Amino acid sequence: MVYNAQNIDIKEVLKEENIKYDEKMLDDVLEYAKLMYKNKVKANIPMMEHVTGVATLVAKLRLDDVSIYASLLHGVVKCDEFNKEEFEKKFGKEILDIVLTVDKLSCLNLKTKEKLDSENLRNMFMAIAKDIRTLIIKLADRLYNMQNINNVDNEEVKNNMAKECLSIYAPIAHRLGMSNVKSELEDISFRILMDKEYHIVKSQIDEKKEERNKYIDERIKEIETKLKEQNIKATVYGRSKHFYSIYRKMTEKNCRADDLFDLLAIRIIVDTIKDCYAVLGIVHDMYKPMPGRFKDYIAVPKTNMYQSLHTTVFGEGGRPFEIQIRTWQMHKVADYGIAAHFAYKEKREKQTEADKKLVWLRQTLEIQKELQETGENIKNLKGEIFGEEVFVFTPKGDIKALPKGSTPIDFAYLIHQKIAEKMIGAKINSKMVPLNTKLENTDVIEIITSKNSKGPSRDWLKYVKTTTAKNKIISFLKQQGREENIAKGKEQFEKVLRKYKDSKEFFKDKYIDIALKKLGFKTLEDCYENIGFGSISEIKVVNKFVEVYKEANVANNVNIKKRSIEKKDTDISDAIIVENIKNCKVQLAKCCMPVPGDDIIGYITNANGVSVHRKDCKNLKALNLKNRTINVYWKKKLNMVTTTKIRVKATNTSKVLNDVLSVINKLKITFNEINTKTTQDNEIVIDISLYITDLINLKNVIKDIKKIESVYDVKRLI
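What this report covers is the structure whose coordinates are included nearby. (Residues numbered from 1 in each chain as written. Predicted model: local features only at pLDDT ≥ 70, side-chain atom pairs only at ≥ 80, totals over all residues. Heavy atoms only, no water.)

### A short note on the packing of helix H10 (residues 179-193) against helix H11 (residues 195-207)
Reasoning step 1: At their nearest, the axes of H10 and H11 sit 5 Å apart, and the two run at 120° to each other. Note on element contacts: H11 touches H10 through Asp195, Glu197, Tyr198 and Val201, opposite Asp187, Phe190, Arg191 and Leu193. (Axes fitted to C-alpha atoms, helices over the stretch in contact; angles between N-to-C directions. Helix = DSSP H or I, 4+ residues; strand = E, 2+ residues; numbered from the N terminus. Contact = heavy atoms within 4.5 Å.)

### Some remarks on the environment of Gln329
Reasoning step 1: Take Gln329: it is sitting in helix H15 (residues 328-336).
Reasoning step 2: Sequence separation of Gln329 and Asp271 is 58 residues, and the distance between their C-alpha atoms is 8.4 Å.

### Some details on the packing of aromatic side chains
Reasoning step 1: Throughout the structure, instances matching the rule amount to 14 aromatic pairs.
Reasoning step 2: Between Tyr32 and Phe87, the ring centres sit 5.8 Å apart and the planes meet at 70°, which makes this aromatic pair edge-to-face. Here Tyr32 is found in helix H2 (residues 23-36), whereas its partner Phe87 is found in helix H5 (residues 84-91), with 55 residues between them in sequence. Phe87 matches Tyr32 in its accessibility class, with the two residues each being buried. (Phe/Tyr/Trp six-rings, centres within 6.5 Å; stacked < 30°, edge-to-face > 60°. Buried < 20%, exposed > 50% of the residue type's maximum accessible area, 1.4 Å probe, protein only.)

### Observations regarding the sheet that holds strand E17 (residues 610-614)
Reasoning step 1: Strand order across the open sheet formed by four strands is E15-E17-E16-E18, with mixed pairing between neighbours. Taken across any chain shown, the strands that pair with only one partner, and hence form the sheet edges, are strand E15 (586-588) and strand E18 (629-630).
Reasoning step 2: Relative to E17, strand E16 (residues 600-604) is paired through five bridges, and the arrangement is antiparallel. The residue of E17 that forms the bridge with Ile601 is His613. (Pairing = 2+ DSSP bridges.)

### A look at helix H26 (residues 524-532)
Reasoning step 1: Across the nine residues of H26, seven count as buried, placing the element largely inside the fold.
Reasoning step 2: After H26 finishes, the residue Gly534 shows a positive phi value of roughly 90°.

### Looking at the packing of helix H3 (residues 47-60) against helix H4 (residues 65-73)
Reasoning step 1: It is at 8 Å that the axes of H3 and H4 come closest, and there the two elements cross at 155°. Put simply, H3 runs roughly antiparallel to H4. Of the two possible hands of crossing, H3 and H4 adopt the one that is right-handed. The residues of H4 that touch H3, namely those facing Val51, Thr52, Val54, Ala55, Val58 and Ala59, are Ser67, Ile68, Ser71 and Leu72. (Parallel < 35°, antiparallel > 145°, perpendicular 65-115°, else oblique. Left-handed = near helix turned anticlockwise from the far one by under 90°.)

### A word on the pairing of E17
Reasoning step 1: Counted residue by residue, E17 has five buried out of five residues, so it is predominantly covered.
Reasoning step 2: Alignment of E15 against E17, held across three bridges, turns out to be parallel. Note on E17: the bridge partner recorded for Leu588 is Val612.

Nothing here speaks to function; it is geometry throughout.
As structure tokens, this is what we get:
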């Protein structure tokens, strides 16, 4: 699906794809786009060429004319001349909504899924809830960028784009069933991030390519002849596997590419489901099937709507190869996913039915309602979206999809909250099992309930995988008696507290108030209650008390106090030389806080003179630098102090903070502010705001702190 958008006539593309459109509307869109994108460039490609390329990909994905118009206009929001009211009057609310939402989805431009926060996820879910076309256009936009990635000069930018694709965009394309988009994103990213491994895979595949092709061609002829004898109309051809998929399997199985069973593969496409099973019987008569390698995705479709029969058989010479059997409709869905199901050319009511076909979409909308801000929930949620799944059955044979690692508790909450709250046990494949048993593919789950059940216990929180189940358990426990939760929480807290020899010291009134404030609780009872119903762990609470105690006592023991800094005679404007401008107003940028010795550059602001940034400042990339930068230099002799911040990470020993402050004191450096936090893994993170004279001064601090035995990382924050 690679296209040279420079020479594309979008009208010809729509004609080829048989997409009906309003000619006047398209002419208006093209005229408006050319006016707005005039002289604008994205990744060294003219913006008009970029949007035409994206619109072409959207057309190839079989979306409607409204999607084409929105694709051509998806970059206008960032143009200075854009006016929302005028746009809506000219093109209508539907196109405006899609364009605005696609623009919001720029929040997905992140290095990895680990950096997705709750707001990013919420924006994505809102976009899906509003109109699935927005997400498909965004995927097309990213695919076009990746197809033209060689136009990007910066290697770091290239690598980040590739990481985003593997972590974010390819999994989303997979969830939407868009296998062509997923595979192309993965292969391009694979080549960029792991060029050596890419060429190893390529060379291994190329080694016996002719031999494999000859073997597959012979099998195709055999199958075509047999199907013709049985009067079954079919298209039979060889299927090539994508490089990244091959690489992953090679890594998992620790083998060469030509050792994989499905490297040799044939696809058979027929007209009806009945023919699919007839063909399966024929190929199993022709070739011996490999045990355990048959999968019926027609009877049990994947959650992204994929349907097909997969079987691995032994051909001539005992050589194994894979066969996939599907109908033309299944083939269309396998390539285009949800885009093949959304009939936008027809009445809106039909979307609802298409919407119901995608289980993941329904799950994301449900999750969006329940999304909470806690880090643990966000972590679990990202696992559900981008992680693997298991497919299990109800006793009536209905299929249910859950994240890998789910238990009968997750299954019960998926069926209904009231069933889960009355659950006293579970059967898997007709056998009673513990509630923490992890579900496997094709398991049949039966939930045992009782009217006398007391409801979920706090222990269930240890076993559940899904955010939905966890939130509902916590909600139930919250509704139980406050006194009961306080008593339970206090008991758990004190159990952990007893493990500390000096607990009597740090569990004093003067530390309790500070610790509770940092944890966000008004009283100790509130804290105990939250421990009791599971919204915070007792370990985290105890760690916070220890942290507060250390902060208070280390400062006293070392006798280090924040020292006030006298304002030096030298003003910032006197410390910086601005090329060709005298007496220019100068300020240090707060985003990167340069210190003397840093490589710096000036940015001419609208009203505040020249803002001085470090040359490696990330915020500079977001600014319009055209004709706004100016060379600036530090004066050779300076008498000034600037502020900077460092972060120290260390094993949480009793004296680490003391050691860090001792180093700072020996170097006669003053700190303005210090904040510490302790992780559940018993590591301490110390953020210190320092008064620094120059870059050498800063490097010496970092070098000496790194020498402390328990410290494993020190870096400059700003």
